[in-house]
Amino acid sequence: MLYTAAGVTGSAKIAGFDIDGCIITTKSGKVFPTSPDDWKILFPEIKPKLTTLLKEGFKVVFFTNQMGIARGKLRPEVFKSKVEDILQTLNVPVQVFVAAGPGIYRKPVTGMWEHLCEQANDGITVDKSQCVYVGDAAGRPVNWAPGKKKKDFSCSDRLFAINLGLEFHTPEEFFLGWKAAPFNMPSFDPRELDPKARLYDPPNASLTSTSQEIIVAVGFPGSGKSTFFQTHIIPKGYVYVNRDTLGSWQHCVSACERALKEGRSVAVDNTNPDLESRKRYVDVSKSAGVPCRCFNFTTSLEQAKHNNRFREMVPSATKHAPVNDMVFHSYRKKFAAPTLSEGFSEILQIHFVPSFTDRHSEALFRQFSEG
């Protein structure tokens, strides 16, 4: 959603702000508003500061995530009315971008900013070196300042600025002149992944075998298992077994048994987090008298979640249903590291090494996608 108030004009200089917790807070003191009119301007210094920015030639723009719209908990017209009331109270012309659901427009991903630059700035080229972004989701820890007991709910505003290469401030720093507060960055940084890194360990192992075998994958959803198998294993003639397509582990076991009877090798592309799920395939291999190897995908929870969000934003030849957080955390809870004592003849550690079809996809992947 895009709302442009009367009097807004394009500029090379953009002063961007989050809304909730940055421009407004709740009158009730609750974290989330209890009604559409449960808001007040956060600091009295905000209105004169925005007025000064306009006099200095800045265009003032609000960028806000409102997932409640996509979830049906917030009607677009109700939020639009709230925005109009806020702007009327501030009495400044502001352009407002609203990410109403997941995807490329949701901060910290930069879709809203790119839409501003490409289609909503009167054709004026934006100069990032003269721009600033202010938001309260800054990754600040518990007790980050006297009287501030709670940690920030996320780091998405700071990461939005980092993704864009913009100067960043918290509301307290920008409007009140407070000194910069400590903050924590996410444990996974997509900018650091090396497309030339080693794909697996031990490096002298062979990915495929000329003899009949079963390969059992272990790894988070979004850890790159399907792409890895389709790229490196299936072209060598292995039968591909996957619960998403077959519907149940029982069907997967039956497919393994059939393939082995036909003299084929098998690659089992399921998450297989625990001993019970893996034992099914070890038992099949023992019955058939063939070795069973384990490919343990080393992708972390944070990176797997990032990969999942990237999949949602970029159409891929390998189709995947979106994975919700419950599935990720269920895997982590069940996970037991695979060992040779389970009956595996070998365990390979498979690392996620990114590969991109074009520069746009790589640029999108390299962005922080969650705060």
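Every chain's residues receive numbers from 1 upward, in the order its sequence appears when written. Side-chain atom pairs in this predicted model are given and counted only at pLDDT of 80 or more, local residue features only at pLDDT of at least 70, and totals for whole chains, interfaces and linings cover all residues. With hydrogens and water excluded, all non-hydrogen atoms of the structure serve as input to the side-chain values.

J.: Just to check I follow, could you spell out the sheet that holds strand S1 (residues 2-4) for this structure?
T.: Whether parallel or antiparallel, the strands of a sheet pair through hydrogen bonds between backbone atoms. Read across the open sheet, the six strands follow the order S1-S6-S5-S2-S7-S8; overall the sheet is mixed. Each end of this open sheet is capped by a strand with a single partner; those strands are S1 and strand S8 (167-169). Across the sheet, the axes of successive neighbouring strands diverge by a mean angle of 20°, strand direction being ignored. Sheet analysis places strand S2 (residues 14-17) next to strand S5 (residues 59-65), joined by four bridges and oriented parallel. Bridged to Gly 16 within S5 is Val 61. Across the sheet, helix H3 (residues 76-90) touches S1, S5 and strand S6 (95-99), and the angle it forms with S1 is around 30°. Pairing between strands is defined by DSSP: at least two bridges between the two strands are required. Numbered from the N terminus, helices here are DSSP runs of H or I no shorter than four residues, and strands are runs of E no shorter than two. Only the stretch in contact is used when a helix axis is fitted, and all axes are lines through C-alpha atoms; the angle between N-to-C directions ranges over 0 to 180 degrees. The contact criterion used throughout is that any non-hydrogen atoms of two residues lie within 4.5 Å.

J.: For this particular structure, what's the right way to read helix H1 (residues 46-55)?
T.: Residues three or four positions apart in an α-helix share a direction because the helix packs 3.6 residues into each turn. For H1, every residue scored as buried is listed here: Ile 46, Leu 50 and Leu 53. The arc that holds the buried residues of H1, viewed along the axis, is 55°, so those residues lie on one side. Close packing links the buried residues of H1 with S2, strand S4 (40-41), S5, H3 and helix H6 (171-176). Gly 57 sits one or two residues past H1 and shows a positive phi near 95°. Classification of residues uses two cut-offs on accessible area relative to the type maximum, computed with a 1.4 Å probe and protein chains only: under 20% is buried, over 50% is exposed, and between them is partly exposed. What the arc covers is the set of directions going from the helix axis to the C-beta atoms.

J.: Before we go on, may I ask you to explain the nonpolar core in this structure?
T.: The biggest cluster of nonpolar side chains holds 30 residues, and the ones touching the most others in it are Phe 17, Ile 23, Leu 50, Phe 62 and Phe 175. At the level of elements, S2, H1, S5, H3, S6, strand S7 (132-134) and H6 are the ones that each hand at least two residues to this core. Phe 17 has contacts with Cys 22, Ile 23, Leu 50, Leu 53, Val 60, Val 61, Phe 62, Phe 63, Tyr 133, Val 134, Phe 174 and Phe 175, leaving out every residue within four places of it along the chain. Core analysis: the second largest hydrophobic core is formed by 27 residues, Val 241, Ala 255, Val 268 and Phe 328 among them. In this text, buried Ala, Val, Leu, Ile, Met, Phe, Trp, Tyr and Cys residues form a nonpolar core when linked through side-chain atoms within 4.5 Å.

J.: Help me understand the packing of aromatic side chains, please; the structure alone is not making it clear to me.
T.: To describe a pair of aromatic rings, you give the distance between the ring centres and the angle between the ring planes. Centres within 6.5 Å are what make two rings of Phe, Tyr or Trp a pair, Trp counting through its six-membered ring; a difference in plane orientation under 30 degrees is then read as stacked, over 60 as edge-to-face, and the rest as tilted. Enumeration over the complete set of coordinates arrives at 21 aromatic pairs. Relative to Trp 178, the ring of Trp 144 has its centre 6.2 Å away and its plane inclined at 50°; by these criteria the two rings are tilted. Of this pair, Trp 144 sits in the loop between S7 and helix H5 (156-164) while Trp 178 sits in the loop between H6 and strand S9 (200-201), and the two are 34 residues apart along the sequence. Among the aromatic residues, those joined into a ring-pair cluster are Phe 63, Phe 97, Trp 113, Tyr 133, Phe 160 and Phe 168. When the ring centre of Phe 174 is taken as reference, the NZ or CZ atom of Lys 49 above it lies at 4.8 Å. Here, a charge over a ring means that NZ of Lys or CZ of Arg falls within 6 Å of the ring centre while also lying within 35 degrees of the ring normal.

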